[in-house]
Amino acid sequence: ETGVTQSPTHLIKTRGQQVTLRCSSQSGHNTVSWYQQALGQGPQFIFQYYREEENGRGNFPPRFSGLQFPNYSSELNVNALELDDSALYLCASRGGSYGYTFGSGTRLTVV
Amino acid sequence: TQLLEQSPQFLSIQEGENLTVYCNSSSVFSSLQWYRQEPGEGPVLLVTVVTGGEVKKLKRLTFQFGDARKDSSLHITAAQPGDTGLYLCAGASGTYKYIFGTGTRLKVLA
């Protein structure tokens, strides 16, 4: 299986709700990272998982959490959604070489 | 805090013109990548540069990594409408994190 796929592509949630975003990484890629990209900005690093363990985190609060599974899939969970969480959420996987393969993202709108 | 600043932020040019996009930081990066992102899509990796002073060419695109590995440039020769997009540089910070630049939005008019 090639490429990185994310679901859903678009999502609308209400402030205070919880959301789970999913990512299916490229086969053989043990490293997956999640990024938040606000409109007109570059992606901001949320966290990274390597072989199902979190091994790096950006400046995001604990209500942003994740999981990585043995089948190269992963999840990003956000609790207590805030209006500022509205953004494009990108999943990227890497199999050891330089550079990431990005998915097309999930556009989350919090109202 | 490591930051990557890109300039210009916006660029609108005519087809056939040349352009250069800059990516600057006060921090040293072990490697630097350039990505292009189109609306509704994730960034797509164009190139990775690792060695200070390194120059890489990808058809009409020329990438250079600064000697001190703090800055990089992307030069496009004879731009085409298909080059339109958001260009992002990203520097490797440590072993697990990439810092993305602020982005340069390029529009090439036919």
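Report follows, based on the coordinates. As the structure is a prediction and not an experimental result, all values here were calculated from the model.

Basis of the calculations
- All residue numbers refer to positions counted from 1 along the written sequence of the respective chain.
- Lettering for chains starts from A, numbering for ligands starts from 1, and both go in the order in which the items are written.
- This being a predicted model, a pLDDT of at least 70 is required before a residue's local features are given, and a value of 80 or more before pairs of side-chain atoms are given or counted; all residues contribute to the totals for chains, interfaces and linings.
- Just so you know, side-chain values use all the structure's heavy atoms and leave hydrogens and water out.
- We call two residues contacting when some pair of their heavy atoms lies within 4.5 Å.
- Once two parts are joined, some of their accessible surface, as seen by a 1.4 Å probe, is lost; buried area is that loss totalled over both.
- Whenever Lys or Arg places a side-chain nitrogen within 4 Å of a carboxyl oxygen from Asp or Glu, that contact is recorded as a salt bridge.
- By the criterion applied in these results, polar contacts are pairs of N or O atoms within 3.5 Å in which, for protein atoms, one can donate a hydrogen and the other can accept it, and in which residues neighboring in sequence qualify only through two side-chain atoms.
- A run of DSSP states H or I qualifies as a helix once it reaches four residues; a run of E qualifies as a strand once it reaches two. Both are numbered from the N-terminal end.
- Criterion used throughout: strands pair if DSSP finds at least two bridges between them.
- Each axis is a line fitted through C-alpha atoms, and for a helix only the stretch in contact is used; angles between axes span 0 to 180 degrees, taken between their N-to-C directions.
- Put simply, buried Ala, Val, Leu, Ile, Met, Phe, Trp, Tyr and Cys residues joined by side-chain atoms within 4.5 Å make one nonpolar core.
- Partly exposed describes any residue whose relative accessible area lies between the buried limit of under 20% and the exposed limit of over 50%, with all areas from a 1.4 Å probe on protein chains only and scaled to the type maximum.

## A look at the interface of chain B and chain A
Right, so step 1: Counting residues at the interface gives 21 residues for chain B, matched by 20 residues for chain A.
Right, so step 2: At the boundary of chain B with chain A, total buried surface from both sides reaches about 1,500 Å², with 56% on carbon and sulfur atoms.
Right, so step 3: Connecting chain B to chain A are zero salt bridges.
Right, so step 4: The interface formed by chain B and chain A contains four residue pairs in polar contact (both at pLDDT 80 or more).
Right, so step 5: Counting only elements with at least two residues in the side of chain B that touches chain A, the list comes to β4 (32-37), β5 (44-49), β9 (85-93) and β10 (97-100) of chain B.

## A look at the sheet that holds strand β3 (residues 19-24) of chain A
All names here are of chain A.
Right, so step 1: Pairing is antiparallel across the open sheet formed by four strands, whose spatial order is β1-β3-β8-β7. Where the open sheet ends on each side, the last strands, each with one partner, are β1 (5-7) and β7 (64-68). Taken over all neighbouring pairs, the strand axes of this sheet differ in orientation by 20 degrees on average, direction set aside.
Right, so step 2: Strand direction decides the pairing type here: β3 and strand β8 (residues 73-78), joined by six bridges, are antiparallel.

## As for the nonpolar core
Right, so step 1: L19, L32, W34, L74, I76 and L106 of chain B are the most contacted members of the largest nonpolar core, which totals 21 residues.
Right, so step 2: Within the second largest apolar cluster, 19 residues are counted, among which are C23, V32, F64 and C91 of chain A.

## Looking at the environment of S24 of chain A
All names here are of chain A.
Right, so step 1: Turning to its location among the elements, S24 is positioned in strand β3.
Right, so step 2: The class of S24 is partly exposed, set by a relative accessible area of 21%.
Right, so step 3: Along the primary structure S24 and S93 are separated by 69 residues, whereas in three dimensions their C-alpha atoms are 9.1 Å apart.

## Quick notes on the side chain of Q68 of chain A
Residue and element names in this part refer to chain A.
Right, so step 1: Within the secondary structure, Q68 is located in strand β7.
Right, so step 2: Assessed through its relative accessible area of 8%, Q68 is described here as buried.
Right, so step 3: A polar atom in the side chain of Q68 sits 3.3 Å from the backbone nitrogen of R51.
Right, so step 4: From its side chain, Q68 meets the backbone nitrogen of E52 in a polar contact 2.7 Å long.
Right, so step 5: Every residue in contact with Q68, bar those within four places of it in the chain, is listed here: N30, T31, V32, Y49, Y50, R51, E52, E53, S73 and S74.

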